[in-house]
Amino acid sequence: MGMWVDVNSSEIRNWVEEFLKSGAFRLLSTISGYEEGDNYYILYHFVGSEGDLNVRTSVPKENPVLPSITPVLPGGILYEREIQDLLGVKFEGIIDGRRLILPEHWPEGVYPLRKDFKPGEVKSNE
Amino acid sequence: MSERLTLPIGPQHPLLKEPIHFRFTLDGETIVDADIRMGYNHRGIEKAAEERTYIQDLYMIERICGICSHTHATNFVQAVEKILNVEVPPRAKFLRTVVGELERIHSHLLWLGVAGHEIGFDTLFMVSWRDREIVMDLLEIITGNRVNYGMNTFGGVRKDMNQEEIDETLKGIKILEERTLYYEKVAREESTFIARVSGVGYLPKDIAIAYCAVGPTARGSGVNYDVRRDFPYAAYDQIPFQVITSERGDVLGRTLVRVGEIFESVKIIKYALKNLPEGPITARVPRKVPQGEATSRYEAPRGECIHYVRANGSEKPDRVKVRAPTMANLMSIRHCLLNQQVADIPIIIAAIDPCLSCTDRLILLKQAGEKEGEILTWEELRRRSIAKKPL
C-alpha cells in the first residue's frame, strides 16, 4: 500500500525540496515519529498526483537532531513542533521552534511519547 | 506609526466551545499578526493507545471526537485491516460509506449553524440545527446511537440495515435534500449573507498548498483534492459523485463547498442504499495482528484525516498516530486572519470548522501548585454534580 522510501536524515531537507519541485500537486499529510532499538524514526507522509508516499528517516537516540523541512515547506511547522514536544527529536533550522502542546512549566527533557515515559510520573518544574 | 496592541483570546473564550489560545497583534482594528497556542485539551490518546489492545483502542479512538467519530473509527480499522491483509465484504463497505456520509451531512449542517451564529444570522443557526436532528435520528435508527455510533469492527461493520431502515433513511434524506436547496439559495442569493462573508478570510491557493490545508478549507481555495476520489476507501470507487471546489478562497467559497457537499452526500447515500450488495457484513479476521505498519486516509467532513498504525506482533499496537484535519488547517489560518478586521475573527476561525478535541489529544496534566489529585467514586461525583451549595 503506497510507496515507502528511506532517506538519510542529513539529506531530508534537500530530498523534500526536490520532491516538491517534481510534480504538480504535493501535500504533506503529517509527520509521525516512533522509536525502535537505538533510533528514533521519523516518517513524512506525503500525497502527490501519483499516489501516496511515505519517507522514512532515522536519528540516533544519543543525538536526536535532523534538519527541519520548514524552510522549504512551511506546512510542516505544527508537525515538527509536535514531535519536538512529544518525542524529543529536534529539528535544526525550524522556523518557529517554540512549544506547541506541552505547557510552559512542563520539565525540560521529559518527552511523553517515548517508551520509557510512564503517565502519571511528571512533576512540574515550578 | 500607530501603536500596536496585543489581544490575547482564550483558552476559554467566546469564539469557540473548545479551548485554544490566540494572540492577535492589532494595528487599530486591523490584524497584523496572529499566533496560536494549543494543548489545553490533550488527553493522551496516542500514548494510551499503546497501552491498550486493538479492540479497546477502537472504542477509545472512536471517542476522539463527538462529530467525526465514524471518521476516526473507520480510519483506524482500515489501517489495522491493511496490516491484517483482510478484505472487507462489499456490503460492509457500502454501510460504512452510508454512515460516513450521514456524518458529513450532520457535521456540515452543524457548521452552517455555527457560521450563521457567528455572523449574527441566528435564524440560519436555528433552522439548520433543527434539520440536523433529522440526520441524527437517521444515525440513531441505523446504528443505535446519535453519536459514537460503534458501527465498525475489524473486518466489517457490527450491524446490518434492514429494508425498513433503508426506507426510513431514504425518506429522511429526501427532506434534507429539499431543505438544503434553501441553504444553497441563502448562500448564493441572500444579499446580507453574501455581503458579510464575501472577501472575508481570504486564503490564496498557493498559500493553501504551501501550508498543507485540507478539506473544504482547501477546496474553497481551488485545491482539487478529496481522499474519497484520489485514494478511494470503503465503497467510493463504486459510487459516482463530484468533488466540489470553489475558486473564491474566502468564507463564502468555503460555505458554497460545504453546501454543495451536502447534495453530493445525499446522492451518495441514495446510490449506496439502492445498490446495496447482498452478503455478509464481516470478514473472518485473524486473532493476532502480525508485525507491520500502515497508513490510512479518510475524507472527514473537515478534510483529510490520516492514521498511522505500527504493529509489533503483540496484542497492543506499538504506535498509533492520528492527524485530524483541524491540525492541518490551523497552519494556514494565520494567513486568513492577516489584514482582516477584529470583528471578523469569529467567522474566519469558524470557517475552518475547527475541532480541537480531534486535534489536541495528549497529556493528562496537573496544574502547578495544585494539591494532590483526588479520585472520586461515582456516588461522590454524582453527589457533587447535584449539590446546590458551592463545595
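Scroll up a little and you will see the structure.
In this text the structure is predicted, and so the values were computed from the model without any measurement.

A. Layout of the environment of N162 of chain B. Residue and element names in this part refer to chain B. Considering the arrangement of structural elements, one finds N162 in the loop between β5 (156-157) and α6 (163-189). For the pair N162 and P8, spaced 154 residues apart in sequence, the C-alpha separation works out to 53 Å. Reaching out from N162, the side chain makes a polar contact with the backbone nitrogen of E164 at a distance of 3.2 Å.

B. Just empty space enclosed by the protein, in detail. By the definition in use, this model includes 2 cavities of 30 Å³ or more. I31, S32, G33, E82, I83, L86, L87 and L113 of chain A together with E46, R319 and K321 of chain B are the residues that line the largest cavity. Secondary-structure elements contributing two or more residues to the lining of the largest cavity are β2 (26-36) and α2 (77-86) of chain A together with β8 (317-323) of chain B. Counted by class, the lining of the largest cavity contains 5 nonpolar, 2 polar and 4 charged residues. As a volume, the second largest cavity reaches approximately 40 Å³. For the second largest cavity, the full set of lining residues is G33, Y34, E35, L87, L113 and K115 of chain A together with D318 and R319 of chain B. Put simply, the parts of the chain that give the lining of the second largest cavity at least two residues each are β2 of chain A together with β8 of chain B. Residue contributions to the lining of the second largest cavity peak at 3 residues, all from β2 of chain A.

C. Spatial organisation of the packing of helix α4 (residues 90-118) of chain B against helix α5 (residues 122-143) of chain B. All names here are of chain B. As a packed pair, α4 and α5 sit with axes 8 Å apart at the nearest point and diverge in direction by 160°. Taken together, the axes of α4 and α5 lie roughly antiparallel to each other. Considering how the two elements wind past one another, α4 and α5 form a crossing that is left-handed. Looking at the contact of α4 with α5 residue by residue, the class counts come to 16 nonpolar, 6 polar and 3 charged.

D. Layout of the sheet that holds strand β6 (residues 291-300) of chain B. Residues and elements named next belong to chain B. Strand order in this open sheet of 3 strands is β6-β7-β8, and the pairing throughout is antiparallel. Across the chains shown, the open sheet's two edge strands, defined by having one partner strand only, are β6 and β8. Direction aside, the axes of adjacent strands within the sheet are offset by 10° on average. Here 10 bridges tie β6 to strand β7 (residues 303-312), and the two strands are oriented antiparallel to one another. Counted as the bridge partner of A300 is G303 from β7.

E. Structural detail: unusual backbone geometry. Residue and element names in this part refer to chain B. Positive phi is not limited to glycine here, since A234 has a value of about 40°. Take A234: its relative accessible area is 14%, and that puts it in the buried class. Unusually for a residue other than glycine, N339 sits at a positive phi of about 65°. Mapped onto the elements, N339 comes out in the loop between α13 (333-337) and α14 (345-351).

F. Quick peek at the interface of chain A and chain B. Counting residues at the interface gives 48 residues for chain A, matched by 41 residues for chain B. Our enumeration of links across chain A and chain B arrives at 8 salt bridges. Counting across the chain A and chain B interface gives 22 residue pairs in polar contact (both at pLDDT 80 or more). Among the secondary structure elements, those contributing two or more residues to the side of chain A that touches chain B are β2, β3 (39-48), β4 (51-60) and α2 of chain A. At 11 residues, β2 of chain A tops the list of elements feeding residues into the side of chain A that touches chain B. Considered class by class, the residues forming the side of chain A that touches chain B number 25 nonpolar, 11 polar and 12 charged.

G. How the structure looks around the packing of aromatic side chains. Within the structure shown, the criterion is met by 15 aromatic pairs over all chains. For the ring pair W15 of chain A and F19 of chain A, a centre distance of 5.4 Å and an interplane angle of 20° mean the geometry is stacked. In this pair, W15 of chain A and F19 of chain A are both assigned in helix α1 (residues 12-21), 4 residues apart and thus about one turn of the helix distant. W15 of chain A sits in the partly exposed class, given a relative accessible area of 26%. Overall, F19 of chain A belongs to the buried group, its relative accessible area being 11%. Following the ring pairs from residue to residue traces out a cluster consisting of W4, Y34 and Y41 of chain A together with Y308 of chain B. We note R26 of chain A situated over the ring of F19 of chain A; from NZ or CZ to the ring centre the distance is 4.2 Å. In this arrangement the basic side chain of K61 of chain A is found over the ring face of Y40 of chain A, its NZ or CZ atom lying 5.7 Å from the centre.

H. The arrangement of the pairing of β7 of chain B in detail. Residue and element names in this part refer to chain B. Among the 10 residues that make up β7, 9 are buried, leaving the element largely enclosed by the rest of the structure. Between β6 and β7, which pair antiparallel one after the other, the connecting turn spans 2 residues. Examined bridge by bridge, β7 and β8 share 6 bridges and lie antiparallel to one another. Bridging across to β8, H307 finds its partner in V322. Connecting β7 to the next strand, β8, in antiparallel fashion are 4 residues, including G313 with a positive phi near 90°.

I. Local environment of the environment of R98 of chain A. Locating R98 of chain A in the fold gives a position in the segment after β6 (90-92). The spatial distance from the C-alpha of R98 of chain A to the C-alpha of R81 of chain A is 7.2 Å, given a sequence separation of 17 residues. When near neighbours in sequence (up to four residues on either side) are disregarded, R98 of chain A contacts R81 of chain A together with D35 of chain B. Engagement of the side chain of R98 of chain A in a polar contact is seen with the side chain of D96 of chain A, the distance being 2.8 Å. A polar side-chain atom of R98 of chain A sits 2.7 Å from a polar atom in the side chain of D35 of chain B.

About the criteria used
Just so you know, the residues in each chain are numbered from 1, in the order the chain's sequence is written. Each chain gets a letter, beginning with A, and each ligand a number, beginning with 1, in the order they are written. Only residues with pLDDT of at least 70 are given local features in this predicted model, and only at 80 or more are side-chain atom pairs given and counted; all residues enter the totals for whole chains, interfaces and linings. Hydrogens and water molecules were not included; the side-chain quantities draw on all heavy atoms of the structure. What counts as a helix is a DSSP run of H or I of at least four residues, what counts as a strand is a run of E of at least two, and both are numbered from the N terminus. N or O atoms closer than or at 3.5 Å make up a polar contact, with two conditions inside protein: a donor-capable atom paired with an acceptor-capable one, and, for residues adjacent in sequence, both atoms drawn from side chains. Buriedness for pockets is judged along seven lines, at least five of which must meet protein on both sides within 12 Å for an open set on the 1 Å grid over protein atoms alone, while cavities are sets there where a 1.4 Å probe fits but cannot get out, and lining residues have an atom within 4 Å of a point. Grid points are joined across faces, edges and corners, and a volume is the space filled by probe spheres set on the points. Gly is put with the polar residues, along with every residue not named as nonpolar or charged; the nonpolar set is Ala, Val, Leu, Ile, Met, Phe, Trp, Tyr, Cys and Pro, and the charged set is Asp, Glu, Lys and Arg. For every element, the axis is a line fit to its C-alpha atoms; helices are fit only across the contacting stretch, and the angle between N-to-C directions ranges from 0 to 180 degrees. Under this scheme an angle from 65 to 115 degrees is roughly perpendicular, one under 35 degrees roughly parallel, and one over 145 degrees roughly antiparallel; angles in between are oblique. Handedness of a crossing is defined here by the sense of rotation of the near helix relative to the far one, left-handed for an anticlockwise turn of less than a right angle and right-handed for a clockwise turn. Pairing between two strands is assigned when DSSP locates at least 2 bridges connecting them. To sort residues, take the accessible area from a 1.4 Å probe on protein chains only and compare it with the maximum for the residue type: under 20% means buried, over 50% means exposed, and anything in between is partly exposed. In what follows, a contact means two residues having at least one pair of non-hydrogen atoms within 4.5 Å. What makes a salt bridge here is a side-chain nitrogen of Lys or Arg within 4 Å of a carboxyl oxygen of Asp or Glu, nothing more. Aromatic rings from Phe, Tyr and Trp, taking only the six-membered ring of Trp, are treated as a pair when their centres fall within 6.5 Å; an angle between ring planes under 30 degrees marks them as stacked, one over 60 as edge-to-face, and anything in between as tilted. Remark: a charge is flagged as sitting over a ring if the NZ atom of Lys or the CZ atom of Arg is within 6 Å of the ring centre and within 35 degrees of the ring normal.

Geometry only, nothing functional implied.
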